[in-house]
Structures are given as C-alpha cells and as structure tokens.
Amino acid sequence: MNSNTLLEKLDKILSPIGVKVGNQRHLKAISSGMMMTLPLIVVGSLFLIVANPPVNPDLVDPSTANIFMKFMLSWKEFAVNNYQTLTTPYNMTMGIVGMMSAFAIAYCLAGEYKMKSAMSGLIATAMFLMICAPSVDGAISTSYLGADGLFVAIIIGLATVEITRFVEIRGWQLKFPDTVPPAVTAFVNSLLPLLLNIIVLYGLNILVITNTGVGIPETITKILTPALSIVDNIWGYIAIITFSNVLWILGVNGTSIIFPIAFALGIQNTGLNAELVAQGQDPTIAMNLQMFRYAIMGGAGNTIGLTLLMMRSKSTHLKSLGRLGIVPGICGINEPIIFGAPIVFNPILAIPFIVTPIVTVGLGYLVQVMGFVTPGYMVDPSFTPFFAQAYLSAMDFRNVLFVFALVLIGTVIYYPFFKVYEKNMLAQENGSNSQSIA
C-alpha cells in the first residue's frame, strides 16, 4: 500500500468525523475559546524557559568551565535568586489560563447562540472563581487557576451559557422602553441568569464539599489520579502515559495528574542507578527518569515531530503555530500546539497523540534493556532541550542519537494524520478567503 492510498483511506474515514466534530457548536466554542488564550500560553511558556536555564551546576566545575558555561552558570544563579520575579509573567499568563478559558469559551458559545458574549464571559469567570479559587482569610488559592483547572473551566464555560440561554428562551426578562439606555437593560436582565448560575453550579459545588470534604476541582483530580503501584513496570507505565494523553484530548492537563507518580518513580530509580555507578557498576534499571522524558519529548503526546511538520505546512494557521511552538516544544512545553492546532477534541490528531508516546516509551525501554543506550543515572534539569536532557541523564552521546531517532519516528507517525488535518485546514482557510473576497 503506497502513501497516497493510505492518506486517501485516512481522509475518507477521519475527515467526515473531523468536520462533524468541528461544526458542533459546543466543541467549536471550546476550540475557538482556547485559541483566544493562545498568546497567554506562548508568552508564559517563554518566561518559564528563561526562569529554568538548561544547565545543572552540580555537573560543572566553575574553575575549568569555558566562557559559555560560565555564562550559563551565572544565568542559573540569577534565575534561582530571582525565580519569583522571572516567573511572574508565567503565573499571570499561563498560570491563569483556566480562568481565561472559562471566559473565552463562554464568550464564543454565546456568540454561536447570538447572545450577549461579554456578559456571558463575565458570568463564567465569576462562577469559575467561586468554584476553583474560593477566598479563605482574604486570600485565594491559585492551584486551579491555570491548566489544572482547565477541565472545570470547559464545563463552567459551557454550562453557564446554557443556563443563561434557558432563562432567555423562557422569556424571563424585563422589557424596557426604547428610552432606557441599553446598558441599564443589560444590567437588569443579567441579574437573574447570574443568580441562577450561582444556585445551580455553586450549589453543586457546596453539595460536593458537603459529601466529600473538597470541592469539584479536587474531587475530579482525585477520581482521575491512578494508583502508584501499577507504574513500576513497562505495561503499567504505558497505561498511565496513555491515560494522561487521553485526558489531554478531553482538555484536562493529564501530565499534571500523573507527574507526581511518574516523576517520583523516575527519581527513585535514577537514584538507584546512581548508587550502582558510584559502586563502579553499570546502571541497569530501565524505569528511570528518562522513561518520562521519552514520553513527553516536545511535550505531552510527543508533538515535536508534529511541530516540525507544521512549520512547513501549506496552511497559514498551522505554519505560523509551528514556528511559534518550536522553541517551547524543544524544551518540552507544547500547550501552544495542544490548544492552538488544536489537538484537544480533535479526532484526527488525537490518534497519533496517543500512539506516539506508546511507541517511544516502548522503544526507550527496549534500547536500555538491550544495552544500546545507557540507563539514566543523573537527574537532568526540567525544561531543558530534549537532546541536552538525553546527554545529561547518562553523559552518553548514544542517548542523544536515540532521542533524535525518536523524533524521526514520531514525525513519521504523525505525518499521515497531519496531512489529513492540513487538507481540512486548507479547505477552511480557502473558504474564509472566498467569503472575504465576496
């Protein structure tokens, strides 16, 4: 079977699904709303990289370091001493993307219904803050304002608009003479929808707290967090990585849910490998921190290959997004791609997003067990370029060659699905251009 035949078959199967999903107003509102938050995600990602320079001071001797490494060490020292200051742009952009998404999704869905978009967005924002960031002793928790609260933001953004629409459909609004300013009319008629949203959604949150002791966001996190006992073998590890990526497809930050489990296991086994090396033996434990790195090359879903394809896309949107996302992606940050392409609720790109990490993690396990690369025995810095992480994990250039091979494999897996999605994007862009000309 040649590549053209494969693309035609995938196109025939996936394109109708993609079109149907893309035209569904609620999913369309989620996609459009997340696109509105894209500048926050991109800018926040860049400042996170600035605050985490790719160097491990424990592995560098300042007295023998060259000029470049001395610069990197100075940058690292400055970043550590000023971490809070450097990460403020991240905290106030990517760190509140959940709250912004609640507004944007409600805004877009209200637009689909020809309702008052700005007021709908404000109601959604108020409800999101009530549920995800309640005030305690004059301070609010920021735990769920960012990507961790995104799933709740999606629900609230959609639900608040539907509740408001319920009021409008039944005509529960006051009619004023034309002499009354529109702002006054809008103010009065927004009171009942807001009150009803508080009764329904915040009331549900109170009910959950009464029965579980925690609110809706914490309850969802507890339900989704898998057990640690299944992780310390290749099949369990692949299972939780797949679980994480399925959550991402649904708009939930799956990496944040499995991170404590995967990272704790990785640190533990990397430490055991380090003890073996200290005793003059070879590291032998494959389930080390590098397994997690293999799962998130370019970010969740191993999207570095997809980003490279997007950079050369015929679609203006995908090409621009690929160029914006390549630097953060090299450092393992791919929210611009996940929410910008988007991959969330995208049945075409969801398949390689789930499959690629399964392949890379499986291959990563095999090459370590078979001795083709050195199992990791050093804890490499986070948000470091993936090839630098590979080298720093075991000081072995074979590890670097292997991760570049994984990038190539990931690109091949993404390619047919990307071409199908690119065709759909081009059709949309050409359609928009035709309407503009007309």
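Bear in mind that the values here come from a model prediction, so they are computed numbers and not experimental data.

Conventions adopted
Residues numbered from 1 in each chain as written. Predicted model: local features only at pLDDT ≥ 70, side-chain atom pairs only at ≥ 80, totals over all residues. Heavy atoms only, no water. Helix = DSSP H or I, 4+ residues; strand = E, 2+ residues; numbered from the N terminus. Contact = heavy atoms within 4.5 Å. Areas by Shrake-Rupley, 256 points an atom, 1.4 Å probe, with all protein chains shown as cover. Buried < 20%, exposed > 50% of the residue type's maximum accessible area, 1.4 Å probe, protein only. Phe/Tyr/Trp six-rings, centres within 6.5 Å; stacked < 30°, edge-to-face > 60°. Salt bridge = Lys/Arg side-chain N within 4 Å of Asp/Glu carboxyl O. Core = buried A, V, L, I, M, F, W, Y, C linked by side-chain atoms within 4.5 Å. Expected span 1.5 Å × (residues − 1). Arc of directions from axis to C-beta. Axes fitted to C-alpha atoms, helices over the stretch in contact; angles between N-to-C directions. Parallel < 35°, antiparallel > 145°, perpendicular 65-115°, else oblique. Left-handed = near helix turned anticlockwise from the far one by under 90°. Nonpolar A, V, L, I, M, F, W, Y, C, P; charged D, E, K, R; others polar. 1 Å grid on protein atoms, 1.4 Å probe; cavity = no way out; pocket = protein on both sides within 12 Å on 5 of 7 lines; lining within 4 Å. Points joined across faces, edges and corners; volume = space filled by probe spheres on them. Patch = residues over 30% accessible without salt bridge, like charges linked within 9 Å, V, L, I, M, F, W, Y side chains within 5 Å. Bend = angle between axes of the 7 residues up to and from the residue.

Re the overall build of the chain
Thinking step 1. A count of helices and strands for the chain gives 19 helices and 2 strands.
Thinking step 2. Partitioning the intrachain contacts of the chain with sequence separation of at least 6 by distance along the chain shows that 71% fall at a separation of at least 24.
Thinking step 3. Of the accessible surface of the chain, which amounts to about 20,800 Å², a share of 67% is contributed by carbon and sulfur atoms.

With respect to the side chain of Thr 87
Thinking step 1. With respect to the element layout, Thr 87 can be found in helix α5 (residues 83-91).
Thinking step 2. On the basis of relative accessible area, Thr 87 is assigned to the buried category, the value being 4%.

A few points about unusual backbone geometry
Thinking step 1. The peptide bond linking Ala 341 to Pro 342 adopts the cis configuration, its omega dihedral lying at -10°.
Thinking step 2. Its place among the elements puts Pro 342 in the loop between α16 (335-340) and α17 (347-369).
Thinking step 3. Positive phi, normally seen in glycine, also occurs at Lys 114, with a value near 60°.
Thinking step 4. With respect to the helices, strands and loops of the structure, Lys 114 is situated in the loop between α6 (97-112) and α7 (117-132).
Thinking step 5. Judged by its relative accessible area of 74%, Lys 114 falls in the exposed class.
Thinking step 6. In this structure, Asn 302 takes a positive phi of about 50° despite not being glycine.

Section: the packing of aromatic side chains
Thinking step 1. Counted under the stated rule, the structure contains 8 aromatic pairs.
Thinking step 2. Centre to centre, the rings of Trp 248 and Phe 339 are 6.1 Å apart; their planes meet at 55°, and the pair counts as tilted. Taken together, the residues span a long stretch of sequence, with Trp 248 in helix α11 (residues 234-249) and Phe 339 in helix α16 at a distance of 91 residues.
Thinking step 3. Judged by relative accessible area, Phe 339 falls into the buried class, the value being 2%.
Thinking step 4. By way of ring pairs, the aromatic residues Phe 386, Phe 387 and Phe 404 are connected into one cluster.

Let's talk about the pattern of salt bridges
Thinking step 1. Tallied over the entire structure, the rule returns 4 salt bridges.
Thinking step 2. One salt bridge connects Glu 162 with Arg 165, and the closest N-O pair in it is separated by 3.7 Å. Remark: Arg 165 and Glu 162 occur in helix α8 (residues 150-169); sequence separation between them is 3 residues, near one turn of the helix.
Thinking step 3. Residue class for Arg 165 comes out partly exposed when judged on its relative accessible area of 28%.

Digging into the nonpolar core
Thinking step 1. In terms of nonpolar packing, the biggest core is built from 45 residues, with Leu 306, Ile 338, Phe 339, Ile 343 and Phe 353 touching the most fellow members.
Thinking step 2. Once you skip the residues sitting within four places of it in the chain, Phe 339 turns out to touch Met 34, Met 35, Ile 41, Leu 150, Trp 248 and Val 344.

Re helix α4 (residues 67-81)
Thinking step 1. The first and last C-alpha atoms of α4 sit 21 Å apart over 15 residues, in line with the 21 Å expected at 1.5 Å per residue.
Thinking step 2. Residues of α4 that are buried include every one of Met 72, Leu 73, Lys 76 and Ala 79, and no others. Angular distribution of buried residues about the axis of α4 spans 125°; they occupy a single face of the element. Opposite the buried face of α4, by more than 90 degrees, sit the exposed residues Ile 67, Phe 71, Glu 77 and Asn 81.
Thinking step 3. Buried residues in α4 make contact with α3 (38-50) and α5.

Topic: the packing of helix α2 (residues 25-36) against α6
Thinking step 1. Interaxial distance between α2 and α6 falls to 7 Å at its minimum, and their mutual angle equals 135°. Our classification of the angle between α2 and α6 gives oblique. You can see that α2 and α6 cross each other, and the crossing is right-handed. From α2, Arg 25, His 26, Lys 28, Ala 29, Ile 30, Ser 32, Gly 33 and Met 36 reach across to α6, where they touch Ala 104, Ile 105, Tyr 107, Cys 108, Leu 109 and Glu 112.
Thinking step 2. By residue class, the composition of the contact of α2 with α6 is 8 nonpolar, 3 polar and 3 charged.

Looking at empty space enclosed by the protein
Thinking step 1. Tallying each qualifying case throughout the model produces 3 cavities of 30 Å³ or more.
Thinking step 2. The space that makes up the largest cavity amounts to roughly 40 Å³.
Thinking step 3. As for the largest cavity, its lining consists of Ile 241, Ser 244, Asn 245, Thr 255, Ile 258, Phe 292, Ala 295, Ile 296 and Ala 300.
Thinking step 4. Residue assignment for the lining of the largest cavity shows that the elements contributing at least two residues are α11, α12 (254-278) and α13 (289-295).
Thinking step 5. Per-element accounting of the lining of the largest cavity gives the leading share, 3 residues, to α11.

Examining a nonpolar patch on the surface
Thinking step 1. On the surface, Phe 166, Trp 172, Leu 192, Leu 195, Ile 199 and Val 200 cluster together into a nonpolar patch covering about 550 Å² of accessible area.
Thinking step 2. Counting residues per element, the nonpolar patch draws most heavily on helix α9 (residues 182-212), which supplies 4 residues.
Thinking step 3. Among the secondary structure elements, Trp 172 is positioned in the loop between α8 and α9.
Thinking step 4. Overall, Trp 172 belongs to the partly exposed group, its relative accessible area being 44%.

Details of the layout of surface pockets
Thinking step 1. For the largest pocket, the calculated volume is near 1,200 Å³.
Thinking step 2. Residue lining of the largest pocket: 50 residues in total, with Tyr 90, Asn 253, Ser 256, Glu 335 and Phe 383 positioned closest to the centre.
Thinking step 3. Counting residues per element, the ones that place at least two in the lining of the largest pocket are α3, α5, α8, α10 (216-224), α12, α13 and α18 (386-394).
Thinking step 4. In terms of residue count, α12 provides more of the lining of the largest pocket than any other element does, 6 residues in total.
Thinking step 5. Counted by class, the lining of the largest pocket contains 29 nonpolar, 18 polar and 3 charged residues.

Here we look at helix α15 (residues 316-330)
Thinking step 1. The end-to-end C-alpha separation of α15 is 22 Å, in line with the 21 Å expected for 15 residues at 1.5 Å each.
Thinking step 2. Remark: the principal bend of α15, roughly 35°, maps to Leu 324, with a proline, Pro 328, within the next four residues.
Thinking step 3. Listing the buried residues of α15 in full gives Leu 318, Leu 321, Gly 322, Gly 325, Ile 326, Pro 328 and Gly 329.
Thinking step 4. Note on α15: the residue one or two positions beyond its end, Gly 332, has a positive phi of about 85°.

Nothing here speaks to function; it is all geometry.
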